[in-house]
Structures are given as structure tokens and as C-alpha cells.
Amino acid sequence: MKITDYQRDEYRVHLLLFHLVWTPKRRKPVLVGEVAKDCRKSIEAKCEEKGWIIKELAIQPDNVHLFIQVWPADSVSNVVKELKGITAFELRRKHPQLLKLPSMWTRSYFAATVGNVSAEIIEKYLAAQKGR
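Residues numbered from 1 in each chain as written. Predicted model: local features only at pLDDT ≥ 70, side-chain atom pairs only at ≥ 80, totals over all residues. Heavy atoms only, no water.

**Some remarks on helix α2 (residues 76-94)**
Part 1: With 19 residues, α2 extends 27 Å between its outermost C-alpha atoms, agreeing within 8% with the 27 Å of an ideal straight helix rising 1.5 Å per residue.
Part 2: Taken as a whole, α2 has its buried residues at Val79, Val80, Leu83, Lys84, Thr87, Ala88, Leu91 and Arg92. Projected onto a plane normal to the axis of α2, the buried residues spread over an arc of 145° and lie on a single side. Projecting away from the buried face of α2 at angles above 90 degrees are the exposed residues Lys81, Phe89 and Arg93.
Part 3: Buried residues along α2 sit against β3 (16-22), α1 (33-50) and β5 (63-70). (Helix = DSSP H or I, 4+ residues; strand = E, 2+ residues; numbered from the N terminus. Expected span 1.5 Å × (residues − 1). Buried < 20%, exposed > 50% of the residue type's maximum accessible area, 1.4 Å probe, protein only. Arc of directions from axis to C-beta. Contact = heavy atoms within 4.5 Å.)

Dropping the structure here:
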């Protein structure tokens with residue numbers, strides 16, 4: 001699937017892409033080795049379950065970067081909540097050393113929308129529609 005491929009269902013045509021970033025509590029570099037592998041597996045499994053398409057996933061020792069395509073009914077906050085929730089549960093269950101952290105993830109995250117059309121192009125299109 002190319003980045004420009006739109007998703008379709010009975011009533012909608014859409015392309016909702018998010019760039020998401022979140023970090024472990026206190027930005028501890030704990031996402032290494034088996035922890036990183038298990039984190040990736042958990043994210044991939046949850047995305048497959050929800051029908052979300054991972055465009056790119058980069059797990060660094062102290063952060064997760066995810067470029068993801070989602071459905072219109074899925075808010076950014078819900079996507080992050082679902083992914084942070086399942087990974088925290090599974091990683092802390094499987095890797096007891098992570099229980100030393102008060103929580104797996106910080107409460108914050110970064111989110112940006114990404115698309116095929118720039119804001120400038122949309123503004124020009126809407127300005128042109130006013131004259132109709």
C-alpha cells in the first residue's frame with residue numbers, strides 16, 4: 001500500500017495519517033533488546049486487531065515513533081491510549097525490571113497529522129470556493 005492509498009468502506013473515503021511519539025517514564029532508555037522486540041510485537045498486534053495500518057515504526061531506547069493510518073472513528077488520543085495501555089501491561093508483565101518505574105509511559109505524547117495535501121493547498125482551494 002502506498003502512502004497515497006485511500007481507505008474505503010460503505011460510506012467513506014479517507015486517508016487519516018498520524019505521526020505519534022511517546023516516551024517511557026522519566027525518559028529512561030529501557031526500550032532495548034527483548035523489551036524493544038516485545039514492544040514492537042504488542043504495537044503490531046493491537047494495530048492489526050484495530051485495522052490500523054503501520055506505515056513506519058521506530059523504537060528507540062527512550063521513545064517510540066509511529067507513523068500510522070487509522071479509521072475516521074479513531075481519535076488520536078484513543079489510538080495513543082490503546083497502544084500505551086497494551087504495551088505497558090504486556091511489557092511490565094513480561095519484564096519485571098520495568099516494575100521499578102512508577103509507570104511505563106509518561107502521560108504526554110506528540111501527535112501530528114500528515115496528509116497528501118499541504119495546508120497551503122487547502123487554504124487556496126477554500127478561498128477559491130468562496131468566489132463560487
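**Quick look at the sheet that holds strand β4 (residues 53-60)**
Part 1: Spatially, four strands are ordered β4-β5-β3-β6 in an open sheet, and the strand pairing comes out antiparallel. Where the open sheet ends on each side, the last strands, each with one partner, are β4 and β6 (110-114). The sheet shows a mean angle of 10° between the axes of neighbouring strands, taken without regard to direction.
Part 2: As defined by bridge partners, β4 adjoins β5 across seven bridges and the pair is classed as antiparallel. Residue pairing across strands places Ile59 opposite Val64, the latter belonging to β5.
Part 3: Packing against the sheet, α2 makes contact with β3, β5 and β6, and its axis sits at approximately 50° to β3. (Pairing = 2+ DSSP bridges. Axes fitted to C-alpha atoms, helices over the stretch in contact; angles between N-to-C directions.)

**Remarks on the packing of aromatic side chains**
Part 1: Across all of its chains, the model carries one aromatic pair by this definition.
Part 2: Summarising the aromatic geometry, the rings of Trp22 and Trp105 are spaced 6.0 Å apart at their centres and angled 85° between planes, so their arrangement reads as edge-to-face. Linking Trp22 in strand β3 with Trp105 in the loop between α2 and β6, this pair joins segments that are 83 residues apart in sequence.
Part 3: Overall, Trp22 belongs to the buried group, its relative accessible area being 1%.
Part 4: Using a relative accessible area of 7% as the deciding quantity, one classes Trp105 as buried. (Phe/Tyr/Trp six-rings, centres within 6.5 Å; stacked < 30°, edge-to-face > 60°.)

**Considerations on the pairing of β3**
Part 1: With five of its seven residues buried, β3 lies for the most part within the structure.
Part 2: Pairing geometry for β3 and β5, over seven bridges, is antiparallel. Paired with Val21 across the strands is His65, a residue of β5.
Part 3: Across five bridges, β3 lies against β6 in antiparallel orientation. Paired with Leu17 across the bridge in β6 is Val114.

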